[in-house]
Amino acid sequence: MLAAVAAACAALAGPANAEAGQDVEANRPAAGEASSPYATFLANYVEWVRTIEIEGQARGIALTPKQIELATRIGIEHPEKVRLVYVDEIPFPSEDPQMRKIGEELGFVGPGITNNAQAFGYTIWVRNGFDLTWPLLAHELVHVQQIERNASFGAFVEKYMKQLMAHGHENMPLEVEAYEANRIHASQP
């Protein structure tokens, strides 16, 4: 089950409550500061995710009443905004060579890597054929709630990346919180 959760989980998530442009500003270096390729990657990723969130809201499927109840129990303030978007492949800005290169370096995309589900703000993108079980849905809803409670996506993704680098995927506090949801919501009510 843990392997399925790790495969379903987002390495980066998108903005749930951010206003247009605020996240990009949060990731840009101050005037005169040198920009690393990773800082540039994050700023560009945040901007790209804004478009993915808009697209997902337009084409996604609203949660069922039972799923909304779960989202509410998890602590999502606006569960009515959550949408499930089923796709052949979870989107990533691979058409940008620099974004693809850093995404591969970070292990988010590339040969042999399959992303099964990822929260992009209030949208959860799910790979066609992936069984988004009740506990896996709870896991992804925790990520939606984590994004929602942060001041901006920029703040969330910065925290996520710091935790990932310090603790690894399975032991980072944001993921441990989401894994706990798998245990708590192991069966559908």
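Remember, predicted model here, so these are calculated numbers, not experimental data.

Engineer: How would you explain the overall build of the protein if you had to name every residue and give the values?
Structural biologist: Scanning the protein from terminus to terminus reveals eight helices and four strands. Sequence-ordered secondary structure for the protein, helices as α and strands as β, is α-α-α-β-α-β-α-β-β-α-α-α. Across the 189 residues that make up the protein, the buried fraction comes to 48%. Within the protein, counting contacts between residues at least 6 apart in sequence, those at least 24 apart form 75% of the total.

Engineer: How would you explain the pattern of salt bridges if you had to name every residue and give the values?
Structural biologist: Think of it this way: side chains of opposite charge can pair up when their charged atoms draw near. Across all of its chains, the model carries six salt bridges by this definition. Here R59 ties to E55 by a salt bridge, and the two come within 2.8 Å at their closest N and O atoms. One end of the pair is R59 and the other is E55, both in helix α3 (residues 37-59) and four residues apart, which spans about a single turn. The class for E55 is partly exposed, based on a relative accessible area of 34%.

Engineer: An account of the nonpolar core is requested, with residue identities and associated values reported.
Structural biologist: Core analysis: the biggest nonpolar cluster contains 49 residues, and Y45, V82, F120, I124, L137 and L141 have the highest contact counts within it. Element by element, the count of residues in this core is highest for helix α6 (residues 134-149), at eight residues. The contact partners of L137, leaving out residues within four places of it in the chain, are Q67, L70, L84, I124 and L132.

Engineer: I'd like to hear about the side chain of Q163, residue by residue, with values.
Structural biologist: Along the chain, Q163 falls in helix α7 (residues 153-167). There is a polar contact of 2.8 Å between the side chain of Q163 and the backbone nitrogen of L174. Those residues within four positions of Q163 in sequence are excluded, and the remaining contacts are G168, M172, P173 and L174.

Engineer: Describe the environment of R127, with residues and values.
Structural biologist: Here R127 lies in strand β4 (residues 123-127). Separated by twelve residues in sequence, R127 and N115 have C-alpha atoms that sit 7.5 Å apart. Apart from the residues within four sequence positions on either side, R127 is in contact with V87, D88, I90, T114, N115 and N116. At 2.6 Å, the side chain of R127 and the side chain of N116 are in polar contact.

Engineer: Mind laying out helix α4 (residues 65-74), listing which residues take part and the relevant values?
Structural biologist: Among the residues of α4, those classed as buried are Q67, L70, A71 and I74. Along the axis of α4, the buried positions cluster into a sector of 100 degrees, meaning they face one direction only. In this fold, the buried residues of α4 make contact with β2 (83-87) and α6. Residue G75 follows α4 closely and has a positive phi angle near 110 degrees.

Engineer: Run through the packing of α3 against helix α5 (residues 97-105), naming residues and quoting values.
Structural biologist: Between α3 and α5, the least distance of the axes is 10 Å, while the angle of their chain directions is 110 degrees. If you check the angle between α3 and α5, you find them roughly perpendicular. For the pair α3 and α5, the crossing hand works out as left-handed. Contacts between α3 and α5 involve P37, Y38, F41, N44 and Y45 from the first element and Q98, M99, I102, G103 and E105 from the second.

Engineer: How would you sum up the packing of aromatic side chains? Please name residues and give values.
Structural biologist: Considering all chains together, one arrives at eight aromatic pairs under this definition. Centroid distance Y45 to W48: 5.5 Å. Interplanar angle 40 degrees. Geometry classified as tilted. Highlighted residues: Y45 and W48, both in helix α3, separated by three residues, approximately one helical turn. Both rings, one in F120 and one in W125, keep their centres 6.1 Å apart while their planes meet at 90 degrees; by these two values the pair is edge-to-face. Relative accessible area serves as the criterion here: at 0%, F120 is assigned to the buried category. Three or more aromatic residues joined by ring pairs make a cluster, and in this case those are F41, Y45, W48, F92, F120 and W125.

About the thresholds
- Residues numbered from 1 in each chain as written.
- Predicted model: local features only at pLDDT ≥ 70, side-chain atom pairs only at ≥ 80, totals over all residues.
- Heavy atoms only, no water.
- Helix = DSSP H or I, 4+ residues; strand = E, 2+ residues; numbered from the N terminus.
- Buried < 20%, exposed > 50% of the residue type's maximum accessible area, 1.4 Å probe, protein only.
- Contact = heavy atoms within 4.5 Å.
- Salt bridge = Lys/Arg side-chain N within 4 Å of Asp/Glu carboxyl O.
- Core = buried A, V, L, I, M, F, W, Y, C linked by side-chain atoms within 4.5 Å.
- Polar contact = N/O pair within 3.5 Å; in protein donor to acceptor, adjacent residues only side chain to side chain.
- Arc of directions from axis to C-beta.
- Axes fitted to C-alpha atoms, helices over the stretch in contact; angles between N-to-C directions.
- Parallel < 35°, antiparallel > 145°, perpendicular 65-115°, else oblique.
- Left-handed = near helix turned anticlockwise from the far one by under 90°.
- Phe/Tyr/Trp six-rings, centres within 6.5 Å; stacked < 30°, edge-to-face > 60°.

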